[in-house]
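# Per-entry structural report
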Amino acid sequence: MILPTVKYSDFYEGKIPQYKDLVKDIPSDVIIRKMCAINHRLSFCKDSKETFYAQSEILKEVFYKIGTYISRKMIDGKRFIIFSHKYTLELIQKELKKHRKIAYEEKELSRQQQKNLFKAYLLIIEDVNSKIRTHYGNEKLPWTELYRNYNWRLRINQIDLSKTKQLNYELLRGIALFKFLSENEKTKEAMEIFLKKTNKKNGSDYIRSIEKVLKTITDTSFKYPLLEYHKDFLNNFCVDPNDFERQKDFVALRAKPLFKVRPNLYAVINWNFLVDKLYTGLLFDFYKKSEIKSFPKFINFKSFLGKDFSEKFLIAPILDKCLGQNKHAVKFSDYNDKEGYPDFYYREGKYLFLFEIKDNLMSKEIIDSHNYEQLIKNIERNFIKSKSKGKKQLKGISQIFNQLKDLNENCYPEDNFVEKRIKTRNLVVYPIIIYTDSRYQLPTLDQYLNEKLEEKINSHNLEAEKEDDKLKFKVKPLTLINAEWFYDHYTYLKDNSTSFKKMIDDYQKHIKKRTERLEKTHSFEYFQQEMGITFERYTLRKLKDSFNQRGILDIMKDLGWE
């Protein structure tokens with residue numbers, strides 16, 4: 001559910017002051033530390049309900065001299081948000097850019113200073129939200145389209161901030177990445193250069209250092225999430241106010257997610273940005289520091305990793321181990337880049353699952369634009385088709401559609417189900433796209449992509465010259481799943497692999513029922529509450545206690561990485 005944010009006028013009347021006048025006597029370092037404290041508390045809220053209840057706690061901890069007064073001003077029974085990563089990070093960026101070095105003692109701000117800082121924070125909220133509102137679209141669109149237009153632009157630059165990164169999953173990805181880069185002929189020499197520049201013996205040493213830092217953070221108090229650990233190592237991740245430039249999607253803060261309070265003492269700007277140093281941030285750091293010569297541009301490097309690492313080395317092997325433990329199950333992947341093959345194929349009886357894996361990072365320009373049309377173009381390019389040197393390349397659902405047509409005519413040699421007495425017309429096919437960038441965890445995105453897939457199927461059936469040319473089997477609606485979900489439920493899936501089909505069936509029934517109800521009621525409250533359900537959120541309700549019970553070392557053993 002989307003909770004509204006407050007405005008300056010919700011708390012104060014009269015003329016709105018200037019930001020610079022409010023903070024002129026408050027040291028930038030103090031403001032940044034307070035914003036870091038807020039971010040730390042927000043990072044461990046599991047959902048919007050917890051975030052709402054954390055608001056009063058944050059007020060009393062960070063603005064304690066005026067916190068009680070502000071809490072009383074909060075409307076009883078009405079849910080709204082004061083504190084959010086988006087606003088605190090914008091304020092941190094502002095203070096780093098206009099860094100004021102004011103001498104101060106280690107003591108709390110005066111009541112007036114706290115009041116002024118809170119007002120300054122409210123001005124940041126107004127500024128951020130005014131930029132988003134100017135991009136609202138045509139409200140005469142159909143309800144589902146209106147939801148996408150409104151919700152996607154509102155959420156696109158907050159999903160990665162509000163959803164706390166899963167430390168163990170990122171740790172596994174980091175370990176796997178170092179193993180891959182150290183062994184691959186195209187990257188192992190660059191890996192040696194990278195380790196030398198970061199003063200680490202090997203990849204395990206690098207990962208362990210970050211892991212220790214992250215575990216230290218979880219043990220620190222809410223009010224002062226500070227670190228005292230490995231000065232030389234942490235300096236690699238420390239932002240410099242003297243050399244700071246504001247960038248889209250907080251790129252500068254993602255690269256340097258720590259703020260030095262004084263020698264050997266660091267504040268964590270954002271938990272997710274630091275966790276990213278285990279994988280996503282590591283990709284950029286490695287490419288920049290390793291002087292790798294095999295790939296002239298980062299996009300070339302990322303494309304190489306998308307296929308050879310993410311698909312073949314990490315995700316497909318995890319699918320292989322956690323799905324289809326039934327001895328009658330058939331599964332294989334396109335390890336040898338066979339033309340027309342799915343990234344992963346899995347069948348139990350007449351139920352056949354076609355997986356496509358998309359390891360795309362959404363660009364910072366798209367994230368910061370709040371532009372629905374640009375976002376749609378990005379989705380079309382990454383999940384439907386793209387152009388390269390004037391030629392169209394099949395992506396995502398276009399690949400799945402071609403695989404459906406092939407299955408209509410022939411079996412894959414690795415699974416001749418006809419010889420096993422399964423008639424093609426009896427097949428039930430489940431198309432699935434696995435993505436890796438959490439920003440694509442957009443509510444109703446799978447429905448949007450499914451609409452495009454259904455258009456292709458219907459067009460094919462209409463244009464078929466013979467009845468036998470039409471798709472003979474049933475195709476279920478497309479499901480979009482975050483790769484992290486398979487790690488989260490690794491143990492459960494391995495022990496109860498047949499439940500995977502049931503989870504998809506239940507989710508798709510929910511989607512159908514939800515959409516039908518929305519079209520009948522046109523209820524805005526229902527619109528807000530229920531349209532935000534993704535596959536991950538829906539299954540979380542069903543699988544509350546089924547999170548991965550096995551340690552990373554056990555999974556690595558399963559994957560043969562010992």
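Residues numbered from 1 in each chain as written. Predicted model: local features only at pLDDT ≥ 70, side-chain atom pairs only at ≥ 80, totals over all residues. Heavy atoms only, no water.

What follows concerns the packing of helix H2 (residues 28-42) against helix H5 (residues 85-97). Relative orientation of the contacting elements H2 and H5 amounts to 160°, with a least axis distance of 9 Å. Relative to H5, the element H2 is oriented roughly antiparallel. Between H2 and H5 the crossing geometry is left-handed. Contacts between H2 and H5 pair Ser28, Ile31, Ile32, Met35, Cys36, Ile38, Asn39 and Leu42 from the former with His85, Thr88, Leu89, Leu91, Ile92, Glu95 and Leu96 from the latter. Its residues assigned to classes, the contact of H2 with H5 shows 10 nonpolar, 4 polar and 1 charged. (Axes fitted to C-alpha atoms, helices over the stretch in contact; angles between N-to-C directions. Helix = DSSP H or I, 4+ residues; strand = E, 2+ residues; numbered from the N terminus. Parallel < 35°, antiparallel > 145°, perpendicular 65-115°, else oblique. Left-handed = near helix turned anticlockwise from the far one by under 90°. Contact = heavy atoms within 4.5 Å. Nonpolar A, V, L, I, M, F, W, Y, C, P; charged D, E, K, R; others polar.)

Counted according to the given criterion, the structure contains 34 salt bridges. Between arginine 439 and aspartate 160 there is a salt bridge, with its nearest N and O atoms 3.3 Å apart. Here aspartate 160 lies in helix H8 (residues 159-162) and arginine 439 lies in the loop between strand S9 (428-435) and helix H20 (445-463), a separation of 279 residues in the sequence. Relative accessible area serves as the criterion here: at 5%, aspartate 160 is assigned to the buried category. The partner of aspartate 437 in a salt bridge is arginine 439, and the shortest N-O contact between them spans 3.5 Å. Owing to a relative accessible area of 5%, aspartate 437 belongs among the buried residues under this scheme. Accessibility expressed as a relative area gives 7% for arginine 439, which makes it buried. Residues joined by salt bridges that share partners form a network here, namely Asp160, Lys165, Asp249, Arg254, Asp276, Asp437 and Arg439. (Salt bridge = Lys/Arg side-chain N within 4 Å of Asp/Glu carboxyl O. Buried < 20%, exposed > 50% of the residue type's maximum accessible area, 1.4 Å probe, protein only.)

To continue, consider helix H9 (residues 167-183). Between its terminal C-alpha atoms H9 stretches 24 Å, which fits the 24 Å expected from 17 residues at 1.5 Å a residue. Extensive coverage of H9 is indicated by the burial of 12 of its 17 residues. Along H9, the positions that sit buried rather than exposed are Leu167, Tyr169, Glu170, Leu171, Leu172, Arg173, Gly174, Ala176, Leu177, Phe178, Phe180 and Leu181. (Expected span 1.5 Å × (residues − 1).)

Unusually for a residue other than glycine, phenylalanine 250 sits at a positive phi of about 55°. Following the sequence through the fold, phenylalanine 250 ends up in the loop between helix H12 (231-234) and helix H13 (251-255). For phenylalanine 250, a relative accessible area of 3% translates into the label buried. With phi around 75°, threonine 444 is a residue other than glycine that occupies positive phi space. Examined against the element boundaries, threonine 444 turns out to sit in the loop between S9 and H20. With relative accessibility at 2%, the residue threonine 444 sits in the buried group.

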